[in-house]
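This is what each chain is made of:
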Amino acid sequence: MAFHLRPDAPELPDFSMLKRLARDQLIYLLEQLPGKKDLFIEADLMSPLDRIASVSILKQHEVDKLYKVEINKPVLSSSEQLCFLVRPRIKNMRYIAHLVNTDKLAGRTRKYKVIFSPQKFYACEMVLEEEGIYGDVSCDEWAFSLLPLDVDLLSMELPEFFRDYFLEGDQRWINTVAQALHLLSTLYGSFPNCYGIGRCAKMSYELWRTLEEEEEGETKSRRPEIGHIFFLDRDMDFVTALCSQVVYEGLVDDTFRIKCGSVDFGPEVTSSDKSLKVLLNAEDKVFSEIRNEHFSNVFGFLSQKARNLQAQYDRRRGMDIKQMKNFVSQELKGLKQEHRLLSLHIGACESIMKKKTKQDFQELIKTEHGLLEGFSLRESTSYIEEHIDRQVSPIESLRLMCLLSITENGLIPKDYRSLKTQYLQSYGPEHLLTFSNLRRAGLLTEQAPGDTLTAMESKVSKLVTDKAAGKITDAFSSLAKRSNFRAISKKLNLDYKAELTLAQRQPFAL
Amino acid sequence: MSRTKGDEEEYWNSSKFKAFTFDDEDDELSQLKESKRAVNSLRDFVDDGDDDDDLERVNWSGEPVGSISWTIKETAGNSGPTQEGREPKNRNSFSYGQLPKPTSTYSLSSFFKGRTRLGSFQSLSDALSDTPAKSYAPELGRPKGEYRDYSNDWSLCDTVRRLRKGKVCSLERFRSLQDKLQLLEEAVSVHDGNVITAVLIFLKRTLSKEILFRELEVRQVALRHLIHFLKEIGDQKLLLELFRFLDRTEELALSHYREHLTIQDPDKRKEFLKTCVGLPFSAEDTAHIQDHYTLLERQIIIEANDRHLESAGQTEIFRKHPRKASILNMPLVTTLFYACFYHYSEPEGTFSSPINLKKTFKIPDKQYVLTALAARAKLRAWHDVDALFTTKNWLGYTKKRAPIGFHRVVEILHKNNAPVQILQEYVNLVEDVDMKLNLATKFKCHDVVIDTCRDLKDRQQLMAYRGKVDKGSAEEEKIDTILSSPQIRWKN
């Protein structure tokens, strides 16, 4: 994000403390197993770990080799001490159990430590017990819940949250959210004003309050650095996440995939034969100027900057020795840095443009506009149909269908059936399951006949029993969802033509 | 046995069978509570069951406590002031514990009275010499605070709180159904999914599935957690039973169908899919499942056949374009593409003929033409492409028609590096003039541009285009001819 500060805005809190805390905690845990050890890391945790503790720090604490946890692949480590840094998922438990039991059968005993991030779940313990290895491994928790990605952006790096909560209705991560909030309020003062919308928001808030109340008296009363906090459930606004990104940062993510605030630029971008991993945040001066700009402006901007840079270099022609010395010591480094960044971003732009023209980006945007504003519905639907027929991209086809469904309060049954059939034919019959999941999550639904407001109201009134409290909440929230996207748009004066609202996708951040 | 008042006091204040006296002061209550817990935990070692001879409790008259004779005496003696009957009346309300007044904080052995035991406990009780009574409890030198962690007797709220903090907490004491359900409700009110799942794990272990299902049917949040948990641990059997119980036929069907993804062997998968066809899907979904089965069946046949052909090395198409991957488990459209690529000219009767696929799976014309076009264009078989779009009208004239829009056709041809003449022919067929011009310009179909500009009477554009063609080329000449033609009434 990195908004441009207003002159009267207060200083941002120093979020680097979160990183230091997480790192120190991890180091402490690693040292609980003294001596050389091999570390197995789950794929999802590799990027966050990279941002928190580099390989050299790990090596300093006697981590010998690093491996990725790969289910169904044999483990090649020969170390006497194995350490696993994993999320509390059952499949990870089975992986570890398989390893330990194989060792046992081979008569080999090693030391095993499992570090759960961000916490251990009872279901995991149950599986460890079932597999007969509960006593053979030591378990710890690395309570890493917030990663600062930029000066003003924190992420929980929990991509599974969405599926677990919004699809399966599992509230397992709500405690993690509450813990993260608790950490923030401990470090930066308790937030005086809280607002929220959505069921998960409410539950997180309540659990967080419970935590705060339990530890009353331990928190010192300090001036809060964070004044307001807004809890928003993702399902209050799916549309934003479903639209194509059109600002520079978004397109970089689309094309190269930004992970934990950094991106891998391949040789075609770096104009050399090496790939480069680049940190994209407010410190990259070039990036911070173009990140939120619409892509059509970016190339022009960068070209202008390149020309300016050249002009600055050229200044040295007219310099005397003293000026030259000054130039070299003060400015050259900065210019070189800027030059390097510029050429990277220009290279990235070129890659993006190449990819997007190939993909017929213009038509895609046009269709999305149509869906958002509610015109040329039939055209949009045929575009989607064609998109599916041509097997362009399974994810993009779904994205468009979901956008259509949400903006129109569900697809008309005829379209739903026909698009579904075409999708299954183009991308595989097993996607029958995909459609079922999307329907459950409310992303791709069918308009039920007679689903007018009055019909919904009478349905709800029939459910007035205590035991059906859950059903009532569900009915009301689905009512809220069905409350016309268009009506909300109008009320909030969302203007898509100006493309101000085609905001970039955010990681699940709090 | 006669007793003095002092003895009586001693008895009441140090016997295990102590009355709960309400005149205990408040600040002692917590001590008592904790002692109660301590005693409770001891009970676990000590009270190993009524038939444990070693730890038989006896009352003052020498009768073992809980024995029939004792009980009878108890009931009978409630009214009399006899010693034997002087058991506290409300003793029975404490199923687990008495609240002995702690005479020593570090040793609970002084709380116990009973028959002197020979053996290991003797020495321990001797060590604790300040009480005259013999004790049989083991030495417990641990500090007060620690008992808390080993005790089992947390209240409902405390249990759930401990669970939320991830602490060790045995749920065994929640034995009655009511207790279990209250525990579950408390867990749900806390919102923490980990706690809810922990409680469900316990309930799954200690309740029959019918009772569990029945109770969860009306508790949506807990139900969702159980379903997710069962999915995660892979307890497919119980999951399906649950869905059956809840009458969620569609989820039952989908859950069963989902299993096919774990079956790698194609024949086994095919057999499995066959069993899925009869599941309670909706009508459309049943058709999809049926198609899935039929498709895999076909693919197995085609794959076997083609692999044989390929290895025999006699078929030209396989020699020129060796297969990069197996056709198994590919989507229908990909299979169709494959058929159009490798088996285009086959008659309708074979399994691998594209027409056969079209008929069997009711592939719409649009999709068929698109796919066939892509395949034939890739092979640069322009005649086949031609034939796709050529139809004879009733007068016997041939005409070109396409269900997909000729602009699409042009794009696909261009992607496959079709020669300009071919491209040109199809660009000309694009109906929308602007689009035609755009495409012609994009793909350098000079003649089309020139002709179109002429038709539009757009001099400016024609002149601008002149700069784009090669100097001295036939196109340049053509443009010049047209520009100088007096017959055209230019717009601009």
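Details of the structure are given in the entry above.
Residues numbered from 1 in each chain as written. Chains lettered and ligands numbered in written order. Predicted model: local features only at pLDDT ≥ 70, side-chain atom pairs only at ≥ 80, totals over all residues. Heavy atoms only, no water.

This part covers the environment of A:Ile133. Residue and element names in this part refer to chain A. Structurally, Ile133 is set in the loop between α5 (122-130) and β5 (137-141). Assessed through its relative accessible area of 0%, Ile133 is described here as buried. Residues Ile133 and Ala97 lie 36 residues apart in sequence; the distance between their C-alpha atoms is 6.5 Å. The contacts of Ile133, once residues within four sequence positions are left out, are Ile96, Ala97, Val100, Asn101, Lys104 and Leu128. (Helix = DSSP H or I, 4+ residues; strand = E, 2+ residues; numbered from the N terminus. Buried < 20%, exposed > 50% of the residue type's maximum accessible area, 1.4 Å probe, protein only. Contact = heavy atoms within 4.5 Å.)

Our focus in this paragraph is the interface of chain B and chain A. Between chain B and chain A, the contact holds 47 residues from the first and 49 residues from the second. Where chain B abuts chain A, roughly 4400 Å² becomes buried across the two surfaces, and 52% of that area is made up of carbon and sulfur atoms. The partner of A:Glu168 in a salt bridge is B:Lys231, and the shortest N-O contact between them spans 3.2 Å. In this assembly, chain B and chain A are joined by 24 residue pairs in polar contact (both at pLDDT 80 or more). (Buried area = accessible area lost by both parts, 1.4 Å probe. Salt bridge = Lys/Arg side-chain N within 4 Å of Asp/Glu carboxyl O. Polar contact = N/O pair within 3.5 Å; in protein donor to acceptor, adjacent residues only side chain to side chain.)

Residues and elements named next belong to chain A. Their axes nearest at 8 Å, the elements helix α7 (residues 174-188) and helix α8 (residues 199-214) cross at an angle of 55 degrees. Considering their axes alone, α7 and α8 lie oblique with respect to each other. In the packing of α7 onto α8, the handedness of the crossing is right-handed. Here Ile174, Asn175, Val177, Ala178, Gln179, Leu181, His182 and Ser185 of α7 come into contact with α8, specifically with Cys200, Met203, Ser204, Leu207, Trp208, Leu211 and Glu212. For the contact of α7 with α8, the residue count by class is nine nonpolar, five polar and one charged. (Axes fitted to C-alpha atoms, helices over the stretch in contact; angles between N-to-C directions. Parallel < 35°, antiparallel > 145°, perpendicular 65-115°, else oblique. Left-handed = near helix turned anticlockwise from the far one by under 90°. Nonpolar A, V, L, I, M, F, W, Y, C, P; charged D, E, K, R; others polar.)

Taken residue by residue, helix α21 (residues 420-427) of chain B has B:Ile422, B:Leu423, B:Gln424, B:Tyr426 and B:Val427 as its buried positions. Contacts from the buried residues of α21(B) go to α19 (382-389), β2 (398-400), α20 (406-415), α22 (433-442) and α23 (446-456) of chain B.

When two helices pack together, their arrangement is given by the angle between the helix axes and the distance between those axes. Residues and elements named next belong to chain A. Two elements in contact, helix α1 (residues 16-31) and α7, have axes whose closest approach is 11 Å; the angle formed by their N-to-C orientations is 115 degrees. Considering only the axes of α1 and α7, their crossing is right-handed. Counting all contacts with α1, which are made through Met17, Leu18 and Leu21, the residues of α7 involved are Leu183, Leu184, Leu187 and Tyr188. Counted by class, the contact of α1 with α7 contains seven nonpolar, no polar and no charged residues.

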